[in-house]
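# Residue-level structural notes
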Amino acid sequence: MGVYAQPVQELIDELGRLPGIGPKSAQRIAFHLLKMEKVDALRLARAITEAKDRVAFCERCFNIAEGPLCDLCADDRRDSTVLCVVEEPRDIVAVEKTQEFNGRYHVLQGAISPIEGIGPEQLRVRELLARLDSDEVTEVILCTNPNLEGEATAMYLSRLLKDLQVKVTRIASGLPVGGDLEYADELTLGRALEGRREVTGS
Ligand SMILES: [Zn+2]
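Residues numbered from 1 in each chain as written. Predicted model: local features only at pLDDT ≥ 70, side-chain atom pairs only at ≥ 80, totals over all residues. Heavy atoms only, no water.

What follows is about the pattern of salt bridges. One pass over the full model with this rule turns up 9 salt bridges. The residue arginine 54 makes a salt bridge to glutamate 66 at a minimum N-O spacing of 3.4 Å. With arginine 54 in helix H3 (residues 38-54) and glutamate 66 in the loop between strand S2 (64-65) and helix H4 (71-74), the pair connects residues that are 12 residues apart, well separated along the chain. Taking relative accessible area as the criterion, glutamate 66 reaches 63% and is therefore assigned exposed. (Salt bridge = Lys/Arg side-chain N within 4 Å of Asp/Glu carboxyl O. Helix = DSSP H or I, 4+ residues; strand = E, 2+ residues; numbered from the N terminus. Buried < 20%, exposed > 50% of the residue type's maximum accessible area, 1.4 Å probe, protein only.)

Next comes the structure, spelled out in structure tokens:
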């Protein structure tokens with residue numbers, strides 16, 4: 001048994017499972033929630049329930065979606081010959097903000113990370129290959145984060161795709177190394193997209 005009453009301990013444990021929240025933060029947030037007006041705390045609970053009930057993943061690109069397809073896949077004005085591969089749905093938001101890209105996306109839902117035990121099987125790689133098989137894609141832009149995991153994922157994919165009849169490009173360096181796409185400003189990310197280079201996967 002912990003030092004806290006069971007419901008409090010449970011709340012702390014649940015919060016501690018969230019990304020980027022250590023035990024101390026979990027405690028601080030839990031006590032903040034307990035101090036909050038009930039109506040405010042329940043609004044947060046309801047927002048979580050609503051989001052989980054109403055939002056799922058797009059069956060084509062694995063972006064978040066309110067129906068079977070996300071808004072971007074449902075929009076037939078987008079260029080379906082260029083596919084931008086990103087790690088997470090939030091990266092789509094970052095690329096969209098640059099207004100430099102009018103193609104489609106594919107969300108891997110993560111990146112290769114041996115330390116965390118995440119290999120290609122845990123990512124939406126099989127689904128990507130299936131799309132390349134059936135869709136009219138001529139270019140795949142590897143738009144994973146400019147950090148260790150993102151680079152490893154880009155390298156893995158460039159090798160995997162090298163024998164396919166599709167041009168594979170990687171966004172240009174110049175983004176802050178070790179950072180996430182979502183923290184890059186629109187101009188820098190826009191330039192990185194524009195300056196993308198073909199990778200040979202050798
Ligand atoms: Zn989609």
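Right, let's talk about the layout of surface pockets for a bit. Computed from the structure, the largest pocket encloses a volume of approximately 240 Å³. Lining of the largest pocket is provided by Leu11, Glu14, Leu15, Leu18, Leu33, Leu34, Ala41, Leu44, Ala45 and Ile48. For the lining of the largest pocket, the secondary-structure elements that each account for two or more residues are helix H1 (6-16), helix H2 (23-35) and H3. The element contributing the most residues to the lining of the largest pocket is H3, with 4 residues. For the lining of the largest pocket, a count of residues per class yields 9 nonpolar, no polar and 1 charged. (1 Å grid on protein atoms, 1.4 Å probe; cavity = no way out; pocket = protein on both sides within 12 Å on 5 of 7 lines; lining within 4 Å. Points joined across faces, edges and corners; volume = space filled by probe spheres on them. Nonpolar A, V, L, I, M, F, W, Y, C, P; charged D, E, K, R; others polar.)

This paragraph deals with the coordination of the zinc ion. With distances of 2.3 to 2.4 Å, the protein atoms coordinating the zinc ion are Cys58 (SG), Cys61 (SG), Cys70 (SG) and Cys73 (SG). Ordering the donors of the zinc ion by residue number gives the pattern C-x2-C-x8-C-x2-C. Residue cysteine 58 is found in the loop between strand S1 (56-57) and S2, and its partner cysteine 73 is found in helix H4; the two are separated by 15 residues along the sequence. For the residue pair cysteine 58 and cysteine 73, the accessibility class agrees, reading buried in each case. (Donors = N, O, S within 2.8 Å, 3.2 Å for Na, K, Ca; no water.)

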